[in-house]
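So you can see what is in the structure, the chains are spelled out below.
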Amino acid sequence: MVLCTIDVRENVSLAALTTFDVGGPARYFVEISTETEAVSALSFAREKGLDHLVLGGGSNVLISDEGFPGLVILNRIKGITVVEEGGKILATVGGGEDWQDFTDLCVASAWQGVECLAGIPGTVGASPIQNVGAYGQEVSQVIVRVRCLETATGKAVTFDNEECAFRYRESIFNAREVGKYIVLSVTFNLIKGGAPDVKYRELERRLSGIRSSTLVEVRDAVIAIRAEKGVLVRTGYESFKSAGSFFKNPVVTGAQFKNITAIVAGNGSSTWAWPLPNGDVKISAAYLIQCSGFDRGYCKGTVGISPYHTLILINGDGASAREIVDFAGEVQQRVMDRFGVLLHPEPRFVGFSPCPTEMWNTFN
Ligand SMILES: Cc1cc2nc3c(=O)[nH]c(=O)nc-3n(C[C@H](O)[C@H](O)[C@H](O)COP(=O)(O)OP(=O)(O)OC[C@H]3O[C@@H](n4cnc5c(N)ncnc54)[C@H](O)[C@@H]3O)c2cc1C
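Because the structure is a prediction, the values reported are computed rather than measured.

(A) Looking closely at helix α1 (residues 35-48). With 14 residues, α1 ought to run about 20 Å at 1.5 Å a step, and its terminal C-alpha atoms sit 20 Å apart, in line with that. For α1, the complete set of buried residues consists of Glu 37, Ala 38, Val 39, Ser 40, Ala 41, Leu 42 and Ala 45. Against β2 (25-32), β3 (52-55), β5 (68-75), β11 (143-150) and β13 (181-192) lie the buried residues of α1. Following α1 by one or two positions, Gly 49 adopts a phi angle in the positive range, close to 65°.

(B) Fine view of the nonpolar core. By size, the foremost hydrophobic cluster in this structure holds 103 residues, and its most contacted members are Val 72, Ile 73, Ile 182, Leu 313 and Ile 324. Sorting elements by how many residues they give to this core places helix α7 (residues 321-339) first, with 8 residues. The contacts of Ile 73, once residues within four sequence positions are left out, are Val 30, Ile 32, Ala 41, His 52, Val 54, Leu 55 and Ile 182.

(C) Seen up close, unusual backbone geometry. The phi dihedral of Asn 131 is positive, around 50°, even though this residue is not glycine. Within the secondary structure layout, Asn 131 lies in the loop between β8 (111-112) and β9 (133-134). On the basis of neighbour count, Asn 131 is assigned to the buried category, with 21 C-beta atoms found within 10 Å. Unusually for a residue other than glycine, Ala 165 sits at a positive phi of about 50°. Counting through the fold element by element, Ala 165 comes out in the loop between β12 (156-160) and β13.

Definitions and limits used
Residues numbered from 1 in each chain as written. Predicted model: local features only at pLDDT ≥ 70, side-chain atom pairs only at ≥ 80, totals over all residues. Helix = DSSP H or I, 4+ residues; strand = E, 2+ residues; numbered from the N terminus. Expected span 1.5 Å × (residues − 1). Buried ≥ 20, exposed ≤ 12 C-beta atoms within 10 Å, placed from the backbone. Contact = placed C-beta atoms within 7 Å. Core = buried A, V, L, I, M, F, W, Y, C linked by C-beta atoms within 7 Å.

Take a look at the structure:
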């Protein structure tokens, strides 16, 4: 195993490295830009008996006020290699590349496959972790393989698409193998000159004046919708301190769905419920939250709900991680009381003991 010198710092504040802008310090902190540095960072953590946390853009984490007592590894491994085969583009992208830059590159190069995922903050290496998705696309539709370092051994391993076990906001990396791998690079299969993939109602409506839209038009429409909802973390746009959607959309059985429709009698379900082939129904978490008494713009001290989207919990100004967790717990409890549905959080909770999500999971 090749090791190299790495610049490990101590007691580094993490709040500014997250989009929630909360959280205490990392006991140890290192920024890596090569695979060898990643191996060396893992070796450092092993020698000191420390846990590690990989951080990309910090847009899907909630770090406790006490911080993280182990080694935070900030992934900045860059590089893009492109191979063209027939009309297909195989792009292998370093895990530390910026996701928005990558989607911009794809659109500018007329590579179809990620145009609806434009504007999602974070890094390429995090995109498979929760199988990022938006406006009718999921990244799992274009991922060929994910190259990782196994944290226990420091050895490189590659997972093909099937092995990643992608589902809605889920993969092996955030389900059964949490923390076991560092994503070094992701290989995407894109279609050169392909027509954009528009099947999301809101996006279709936005593009309705355009007969056959281009990738650029679709990307621009997605960016415009995101900007209006305050979920575009880009210079020059208004956004809130958040981790995007705080809860996943729950999936309920047909019988549970009947109960829910009875509770909200009179409200048609076409915009907040999506039947699945097996008879289950995916429900809009935002709708359940709204029907539980939390409107857009609701505030409780320094924490609240975005004025543009009920699913986005925000740090109004100067909130602590504890205040955000308590507020999220209150939202979750009210939805449980009203509908009997447990909302699962989307961001990863870091440095909490006990972890609030474990306490919340005891609801059912
Ligand atoms: C305003 C806003 C809008 C958003 N919109 C969407 C959306 O539309 N769709 C969507 O799916 N998500 C959305 N998100 C969530 C978030 O942007 C994505 O989940 C993104 O992929 C996280 O990337 P990151 O680099 O910031 O990850 P981080 O927040 O740094 O990390 C998230 C998790 O992934 C792990 N991780 C990160 N990088 C690696 C790596 N290289 N190897 C191993 N583990 C790693 C971390 O340990 C952590 O568990 C949004 C967030 C915000 C703030």
